[in-house]
Amino acid sequence: MSKNIKDRENKSLEAAKTPAKAKEKGVWFGRIAKYLTAAVVLLVLFWFGFTYQVREGSCAVVLRFGAVREETTEAGLYFKLPWPFESVVSYDNRLVTLESNKLETTTKDKRNIILQSYVVWQIADPVLYHNSVGAQGATDSYIKAQISSATNSTLGGYELTSLVSLEKEKIKIDEIQNEIFTRVRENCLTNYGIEIVDVSILRLSLPDNNLEAVFEQMRADREKDIDIILANAEKEANKITTDADTEAAEIVGQGTTEAAKIKAETETAVAKIYADAQAANIELYKFLKNLDTVVSSVNSSTILVVKANEYPFNILTEYSKYMEYEGDKTVINDLTYILTKLDETDREALINAVAALIEDAATQNGVTMP
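Just so we're clear, the structure is a prediction, and the values are computed from it rather than from any experiment. (Residues numbered from 1 in each chain as written. Predicted model: local features only at pLDDT ≥ 70, side-chain atom pairs only at ≥ 80, totals over all residues. Heavy atoms only, no water.)

A.B. asks: Give a description of the side chain of Ser 162 that names residues and reports values.
C.D. replies: The residue Ser 162 is located in the loop between helix H3 (139-155) and helix H4 (173-192) in this model. For Ser 162, a relative accessible area of 5% gives the class buried. Sequence-distant contacts of Ser 162, that is, excluding residues within four places in its chain, are made with Lys 170, Ile 171, Lys 172, Ile 173 and Ile 176. (Helix = DSSP H or I, 4+ residues; strand = E, 2+ residues; numbered from the N terminus. Buried < 20%, exposed > 50% of the residue type's maximum accessible area, 1.4 Å probe, protein only. Contact = heavy atoms within 4.5 Å.)

A.B. asks: Account for the nonpolar core, naming residues and giving values.
C.D. replies: With 28 residues, the main nonpolar core has Val 119, Trp 121, Val 184, Ile 194 and Ile 196 as its most contacted residues. At the level of secondary structure, the elements contributing two or more residues to this core comprise strand S2 (58-64), strand S8 (112-123), helix H2 (126-134), H3, H4 and strand S9 (194-205). Residues in contact with Val 119, not counting those within four places in the same chain, are Val 96, Thr 97, Leu 98, Ile 143, Ile 147, Ile 196, Asp 198 and Val 199. Listed in part, the ten residues of the second largest apolar core include Phe 313, Ile 338, Leu 342 and Ile 358. (Core = buried A, V, L, I, M, F, W, Y, C linked by side-chain atoms within 4.5 Å.)

A.B. asks: Can you break down the packing of H3 against H4 residue by residue, with the values?
C.D. replies: Following both chains from N to C, one finds H3 and H4 inclined at 140°, their axes separated by 9 Å at the closest point. If you check the angle between H3 and H4, you find them oblique. Crossing hand, H3 versus H4: right-handed. The residues of H4 that touch H3, namely those facing Tyr 142, Gln 146, Ile 147, Ala 150, Thr 151, Ser 153, Thr 154 and Leu 155, are Ile 176, Glu 179, Ile 180, Arg 183, Val 184, Asn 187, Cys 188 and Tyr 192. Considering only residue class, the contact of H3 with H4 consists of nine nonpolar, five polar and two charged. (Axes fitted to C-alpha atoms, helices over the stretch in contact; angles between N-to-C directions. Parallel < 35°, antiparallel > 145°, perpendicular 65-115°, else oblique. Left-handed = near helix turned anticlockwise from the far one by under 90°. Nonpolar A, V, L, I, M, F, W, Y, C, P; charged D, E, K, R; others polar.)

A.B. asks: Tell me what's going on with unusual backbone geometry, and back it up with residues and numbers.
C.D. replies: Non-glycine residue Lys 110 carries a positive phi angle of around 65°. Take Lys 110: it is sitting in the loop between strand S7 (103-106) and S8.

A.B. asks: Explain the sheet that holds strand S5 (residues 86-92) to me, using residue names and the numbers behind them.
C.D. replies: Read from one edge of the open sheet, three strands run S3-S2-S5, paired in antiparallel fashion. The outermost strands of the open sheet, each flanked by one partner alone, are strand S3 (67-72) and S5. Direction aside, the axes of adjacent strands within the sheet are offset by 25° on average. Both S2 and S5 contribute to a ladder of seven bridges, which runs antiparallel. Counted as the bridge partner of Val 62 is Val 88 from S5. (Pairing = 2+ DSSP bridges.)

A.B. asks: Describe H3, naming the residues involved and giving the relevant values.
C.D. replies: With 17 residues, H3 extends 24 Å from end C-alpha to end C-alpha; this agrees with the ideal 24 Å at 1.5 Å per step. Within the sequence span of H3, burial applies to Thr 139, Ile 143, Gln 146, Ile 147, Ala 150, Thr 151, Thr 154 and Leu 155. Take H3 and look down its axis: the buried residues cluster within an arc of 140°, on one side only. Looking at the buried positions of H3, the neighbouring elements they touch are strand S6 (96-99), S7, S8, H2, H4 and S9. (Expected span 1.5 Å × (residues − 1). Arc of directions from axis to C-beta.)

Here's what the structure looks like:
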């Protein structure tokens, strides 16, 4: 009995202690939550107040009370003082493409043209960029102003044919672009901390009032090309004619030389024939010499008339294959050969008869026979 009473008392005491323990445990968890919240708030404040991040392709400028303290060009996490002591300004450091405004300018030969260029740039000096144009947010207008100035200065030293021409060697677009690029690059890097990577002509057009002048220039260039082609053709034709004349002269010279050689050989052969004839038959030789004399002294109208049915001329009819008939005339082609075929009596009679006719013809023409 006494044991049961004691157990009930212990249970009553434990039941009285339970609410006190639960209350104490709740207070402890509440404190932990407050501490954790405070730690998170402090961590967030520290993260945003004492650090700053530079992303890939970006750069940053740290300002202390508005003045530049340092620049950061590498990606990463960096420390700084919280606002209002220090602030950070970030800029995009990647390549940027920009198209300039359409610019009407004048060339060296007073021709108006309209040019539009494009430029590729990036930040090279973040501090200079921030102090000059970055804080104002007017980068595009500054670069466009530099392109306009450089284009006007450059085009003033070139004629229109340097941009538009039918003659490839006159076009100097690459040279013009390089000159504009050099001027823009130097000015932007020195004054604004901007590195110009490329400047190129994007579009080229002409004002309406200049189109006719350009077309006239193109026509003049084409006519000049035609004149050059004609001059070259005439030069080539003259060369061909000269070469042909030279070759013809050489051929004529060679022909004359060959003819002279043949004539000399012929005369030698004739002389040999005469010598052989003289040695073989003195009468035949005299006849041939007399015949040569007559031939050289009479003209083409001289005609020797013989009676072909009387001796000794009737002998010739036996050799008709050496004779031709021209109308009512009979032409003897090879009297010498016929004479060689006759016997001595007939040959002497024919020679004497022909010689008599030759002497009569020579006398009538005033030629003295040898």
